[in-house]
Amino acid sequence: MYVHCLICPDMTTNFTSKLWTSYANWLYTQWEKTYLWDLVEPYRRPRSFKPLVSIYISAFYTGVVGSAITEQLYKEKYWEDHPGEARF
């Protein structure tokens with residue numbers, strides 16, 4: 001009586017062949033997508049700078065507010081440590 005093993009050479013050959021075929025198809029579709037987007041790229045709208053500018057503005061004012069709070073806390077600590085002196 002002939003007993004099949006769990007992983008026969010025919011099964012592994014078939015699996016690897018399917019694996020390589022699917023990988024080749026994936027590579028081709030990736031190349032095709034890249035090629036198509038390269039063709040369309042000159043006709044696309046330019047990207048807006050509005051989100052980038054708004055992030056920079058918010059970061060700047062966050063820094064301004066943070067430094068004002070830090071300065072105020074430092075002044076309060078200085079006044080607690082040196083009562084009656086007018087340094088600032």
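In the block above lies the structure referred to throughout.
As a starting point, this report considers the structure included with it. Counting restarts for each chain, with residues numbered from 1 along the sequence as it is written. The predicted nature of this model means local features are confined to residues of pLDDT at least 70 and side-chain atom pairs, given and counted, to a pLDDT of 80 or more, with totals for whole chains, interfaces and linings taken over all residues. Calculated side-chain values reflect all of the structure's heavy atoms, with hydrogen atoms and water omitted.

As for the overall build of the chain
Thought 1: Strands here mean DSSP runs of E at least two residues long; helices mean DSSP runs of H or I at least four residues long; both are numbered from the N terminus. From N to C terminus, the chain includes 2 helices and 0 strands.
Thought 2: Taking all 88 residues of the chain together, 2% fall into the buried category.
Thought 3: If you sum the accessible surface of the chain, you get close to 8,900 Å²; carbon and sulfur atoms cover 66% of it. Working definition: with a 1.4 Å probe on protein chains only, accessible area under 20% of the residue-type maximum means buried, over 50% means exposed, and in between means partly exposed. Calculation of accessible area relied on Shrake-Rupley with a 1.4 Å probe; when residues are assessed, cover is drawn exclusively from the protein chains displayed.

Here we look at the packing of aromatic side chains
Thought 1: In this scheme Phe, Tyr and Trp rings, the latter by its six-membered ring, pair at centre separations within 6.5 Å, and the angle between planes marks the pair as stacked below 30 degrees, edge-to-face above 60, and tilted otherwise. This structure, assessed with the given rule, holds 3 aromatic pairs.
Thought 2: Aromatic pair tryptophan 20 and tyrosine 23: ring centres 5.9 Å apart, planes at 80 degrees, arrangement edge-to-face. With a gap of 3 residues between them, tryptophan 20 and tyrosine 23 both fall in helix α1 (residues 9-40), about one helical turn apart.
Thought 3: With a centroid separation of 6.2 Å and an interplanar angle of 25 degrees, the aromatic rings of tyrosine 23 and tryptophan 26 are classed as stacked. Of this pair, tyrosine 23 and tryptophan 26 both sit in helix α1, 3 residues apart, which is roughly one turn of that helix.
Thought 4: Among the residues examined, tryptophan 26 registers a relative accessible area of 47% and is labelled partly exposed.
Thought 5: Here the aromatic cluster, defined as three or more aromatic residues joined through ring pairs, consists of Trp20, Tyr23 and Trp26.

Describing the pattern of salt bridges
Thought 1: Salt bridge, as applied in this entry: a Lys or Arg side-chain nitrogen positioned within 4 Å of an Asp or Glu carboxyl oxygen. Applying the stated criterion across every chain yields a total of 2 salt bridges.
Thought 2: Between glutamate 71 and lysine 75 there is a salt bridge, with the nearest N and O atoms lying 3.7 Å from each other. Of the two residues, glutamate 71 and lysine 75 are both situated in helix α2 (residues 50-81); the distance of 4 residues between them amounts to about one turn of the helix.
Thought 3: Its relative accessible area of 45% is what places glutamate 71 among the partly exposed residues.

As for a nonpolar patch on the surface
Thought 1: Patch rule: a residue counts if its relative accessible area is over 30% and it has no salt bridge; like charges are joined within 9 Å, and nonpolar side chains (Val, Leu, Ile, Met, Phe, Trp, Tyr) within 5 Å. On the surface, Phe49, Leu52, Val53, Ile55, Tyr56, Ile57, Phe60, Tyr61 and Val64 cluster together into a nonpolar patch covering about 960 Å² of accessible area.
Thought 2: Summarising the element assignment, isoleucine 55 is placed in helix α2.
Thought 3: Looking at isoleucine 55, the relative accessible area reads 52%, which means it is exposed.

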